[in-house]
Amino acid sequence: MHNIYGLSLKDLEDYFIKKGEKKFKAEQVFMWLYKNRVNSFDEFSNIKKETIELLKQDFNMDKLQIIKKLEDDSTVKYLFNLSDKNKIEAVLMRHDYGNSLCVSSQVGCNMGCSFCESGRLKKVRDLKAYEMVLQILEIEEDLNLRISHVVLMGIGEPLDNYDNVMKFIDIINSNKGINIGSRHITISTCGLVPKIKEFMKTDKQVNLAISLHASNDELRSKLMKINKVYKISDIIEVIKEYIKVTNRRVTFEYIMLKDVNDKVENAIELANLLKGINCYVNLIPYNETSHIEYKKSSKEQIMKFYDILKKNNINVTVRKEFGSNLKAACGQLRSLYMEE
Ligand code: SAH
């Protein structure tokens with residue numbers, strides 16, 4: 001039996017057609033699920049009994065279970081229990097432009113970045129589309145607010161769970177459903193080159209962010225295992241192609257690790273690497289975790305780095321820190337919980 005929150009509008013239309021029913025019922029179901037937000041099939045009051053029975057036979061509406069919630073002024077961090085007792089996190093950030101949710105895409109992660117808590121615990125499994133959709137629905141309900149932006153920057157590598165992530169985007173992007181605009185959705189990846197190629201050929205207008213974190217291969221290979229497979233030059237090449245095909249600007253994320261990748265030489269090297277590319281760089285103050293020895297760069301060093309990029313005509317921003325006292329770095333809450 002499938003969870004109904006894992007179906008796109010098109011999937012539901014195909015389902016009804018296969019069952020000899022009218023296709024427009026799919027829109028009605030979407031309205032109940034995503035506009036009216038009812039919690040049982042019996043509340044689909046404009047749909048006839050037999051159709052409801054059919055839906056009940058084939059689908060469930062099971063939710064995730066919220067097992068922990070940590071809150072400060074601008075951030076609410078959730079730990080969810082999945083039906084198989086695996087745990088994932090999602091983080092809600094209140095910005096001045098709206099509410100952004102950082103969604104997990106896998107239980108654990110196999111990318112093994114040395115600074116990241118999620119990778120310390122290996123991947124257990126991919127999340128299904130419904131498990132990503134429900135992170136949004138349940139947090140909206142719990143906080144009684146609307147999420148305007150979704151970033152796939154929680155636990156997991158979204159492009160390593162490609163099909164489920166694409167389905168998830170279809171579902172939340174539908175204007176008959178949650179209706180989160182493509183430009184308000186961001187996929188963050190450590191740089192799986194073949195998947196970026198596949199992704200650029202789709203019609204999805206969502207934003208792409210690349211976790212670069214280093215200005216040369218020697219350094220990047222030390223920080224990110226994946227660099228042994230796809231080098232910085234491979235990433236730059238595919239990103240140039242991506243920009244040509246999609247005409248969209250790309251973000252490069254760069255975590256600031258004290259005395260590791262935050263030197264003046266690194267900033268100059270990074271500026272040279274990105275020269276002429278339609279992108280911007282997001283400098284991320286490292287969120288320190290108790291298991292990993294890296295430290296956050298000082299504010300002065302981050303600003304020095306920022307200035308060098310700026311002087312070299314690179315668009316650059318420093319990410320506002322959210323919930324660092326809430327163990328908000330991806331995987332931190334789950335990892336803490338696993339040790340209890
Ligand atoms: N796997 C994807 C998405 C998940 S991580 C990716 O690699 O992009 C989302 C972002 O958070 C990545 O840029 C990741 O490198 C970064 N990150 C991981 N641990 C962090 C920490 N402790 N502090 C700050 N950023 C971190």
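The model shown is predicted, which means the values in this text are computed figures rather than measured ones. (Residues numbered from 1 in each chain as written. Predicted model: local features only at pLDDT ≥ 70, side-chain atom pairs only at ≥ 80, totals over all residues. Heavy atoms only, no water.)

K.L.:
Which residues make up the pattern of salt bridges, and what are the values?
P.N.:
According to the stated counting rule, one finds 19 salt bridges in the structure shown. The shortest N-O distance in the salt bridge between Lys 56 and Asp 42 comes to 2.8 Å. Taken as a pair, Lys 56 in helix H3 (residues 49-58) and Asp 42 in the loop between helix H2 (25-35) and H3 lie far apart in primary sequence, 14 residues in all. Of the charged contacts, one joins Glu 53 and Lys 56 as a salt bridge, the two residues approaching to 3.7 Å between their closest N and O atoms. Of this pair, Glu 53 and Lys 56 both sit in helix H3, separated by 3 residues, roughly a single helical turn. Residue classification places Glu 53 among the partly exposed positions, given a relative accessible area of 38%. (Salt bridge = Lys/Arg side-chain N within 4 Å of Asp/Glu carboxyl O. Helix = DSSP H or I, 4+ residues; strand = E, 2+ residues; numbered from the N terminus. Buried < 20%, exposed > 50% of the residue type's maximum accessible area, 1.4 Å probe, protein only.)

K.L.:
Outline the sheet that holds strand S10 (residues 185-189), supporting the account with residue identities and numerical values.
P.N.:
Taken together, the 10 strands give an open sheet; going across it, the order is S3-S4-S5-S6-S9-S10-S11-S12-S13-S14, and neighbouring strands pair in mixed fashion. Of all the strands in the sheet, just strand S3 (65-71) and strand S14 (315-318) have a single pairing partner and so form its edges. Averaged over all neighbouring strand pairs, the angle between strand axes comes to 20°, with direction disregarded. Inspection of the sheet shows strand S6 (residues 98-102) paired to strand S9 (residues 149-152) by 3 bridges, in the parallel sense. Paired with Leu 101 across the strands is Val 150, a residue of S9. Sheet contacts for helix H6 (residues 162-173): S9 and S10; angle to S10, the most-contacted strand, approximately 165°. (Pairing = 2+ DSSP bridges. Axes fitted to C-alpha atoms, helices over the stretch in contact; angles between N-to-C directions. Contact = heavy atoms within 4.5 Å.)

K.L.:
Give me the lowdown on the site of the ligand, citing residues and values where you can.
P.N.:
The environment of the ligand is formed by 20 residues, the closest being Gly 156, Ser 188, Ser 211, His 213 and Asn 287. With respect to the ligand, the backbone of Gly 156 contributes an N or O atom lying 3.0 Å from a nitrogen atom. For the ligand, the protein covers 93% of the area, taking 530 Å² as the surface of the free molecule. Of all the secondary structure elements, the ones that give two or more residues to the shell around the ligand are S10 and strand S12 (250-256). Residue composition of the shell around the ligand, by class: 11 nonpolar, 7 polar and 2 charged. (Near = heavy atom within 4 Å. Polar contact = N/O pair within 3.5 Å; in protein donor to acceptor, adjacent residues only side chain to side chain. Areas by Shrake-Rupley, 256 points an atom, 1.4 Å probe, with all protein chains shown as cover. Nonpolar A, V, L, I, M, F, W, Y, C, P; charged D, E, K, R; others polar.)

K.L.:
Quick rundown of the nonpolar core? Include the residues and the values.
P.N.:
One finds Phe 168 and Phe 252 to be the most contacted residues of the largest nonpolar core, which totals 111 residues. Among the elements that line this core, the one with the most residues is helix H5 (residues 129-143), at 9 residues. Counting 6 residues, the second-largest nonpolar core is a separate cluster that includes Val 91, Met 93, Met 153 and Ala 209. (Core = buried A, V, L, I, M, F, W, Y, C linked by side-chain atoms within 4.5 Å.)

K.L.:
Account for a positive patch on the surface, naming residues and giving values.
P.N.:
Taken together, the side chains of Lys 122, Lys 225, Lys 228 and Lys 231 present a region of like positive charge at the surface. A residue is classified by how much of its surface remains accessible, and Lys 228, at 58% relative accessible area, is exposed. (Patch = residues over 30% accessible without salt bridge, like charges linked within 9 Å, V, L, I, M, F, W, Y side chains within 5 Å. Lys, Arg positive; Asp, Glu negative; His and termini not counted. Charge placed at Lys NZ, Arg CZ, Asp CG, Glu CD.)

K.L.:
Talk me through the pairing of S6; I want residue IDs and the actual numbers.
P.N.:
Among the 5 residues of S6, 5 are classified as buried, and the element is accordingly described as predominantly covered. Here 5 bridges tie strand S5 (residues 87-95) to S6, and the two strands are oriented antiparallel to one another. Counterpart to Arg 94 in the pairing with S6 is Asn 99.

K.L.:
Can you lay out the layout of surface pockets for me, pointing to particular residues and giving the numbers?
P.N.:
Size it by volume and the second largest pocket reaches roughly 270 Å³. Listed by contribution, the elements that provide at least two residues to the lining of the second largest pocket are strand S1 (2-3), helix H1 (9-18), H5 and H6. Looking at the lining of the second largest pocket element by element, the count peaks at 4 residues for H1. In terms of residue class, the lining of the second largest pocket is built from 4 nonpolar, 4 polar and 5 charged. (1 Å grid on protein atoms, 1.4 Å probe; cavity = no way out; pocket = protein on both sides within 12 Å on 5 of 7 lines; lining within 4 Å. Points joined across faces, edges and corners; volume = space filled by probe spheres on them.)

K.L.:
If you had to explain H1 to someone new, which residues and values would you point to?
P.N.:
All buried positions along H1 are accounted for by Leu 9, Leu 12, Glu 13, Tyr 15 and Phe 16. Summarising the axial view, the buried residues of H1 lie within an arc of 160°, below the 170-degree limit, and thus occupy one face. Opposite the buried face of H1, by more than 90 degrees, sit the exposed residues Lys 10 and Lys 18. One or two positions beyond H1, positive phi appears at Gly 20, with a value near 75°. (Arc of directions from axis to C-beta.)

K.L.:
Describe the environment of Asn 86, naming the residues involved and giving the relevant values.
P.N.:
Within the element layout of this structure, Asn 86 appears in the loop between strand S4 (75-81) and S5. Judged by its relative accessible area of 17%, Asn 86 falls in the buried class. Separated by 21 residues in sequence, Asn 86 and Val 107 have C-alpha atoms that sit 7.0 Å apart. Ignoring anything within four residues of it in the chain, the contact list for Asn 86 reads Phe 80, Asn 81, Val 107, Val 124 and Arg 125. Of the polar contacts made by the side chain of Asn 86, one reaches the side chain of Asp 84; its length is 3.0 Å.

K.L.:
An account of helix H9 (residues 232-246) is needed here, citing residue identities and associated values.
P.N.:
Taking 1.5 Å per residue, 15 residues should reach 21 Å; H9 reaches 21 Å between its end C-alpha atoms and fits that length. For H9, the full list of buried residues reads Ile 232, Ile 235, Ile 236, Val 238, Ile 239, Tyr 242, Ile 243 and Thr 246. On its buried face, H9 is in contact with helix H7 (193-200), strand S11 (207-211), helix H8 (217-223), S12 and helix H10 (264-274). Positive backbone phi, approximately 65°, marks Asn 247, located one or two places after H9. (Expected span 1.5 Å × (residues − 1).)

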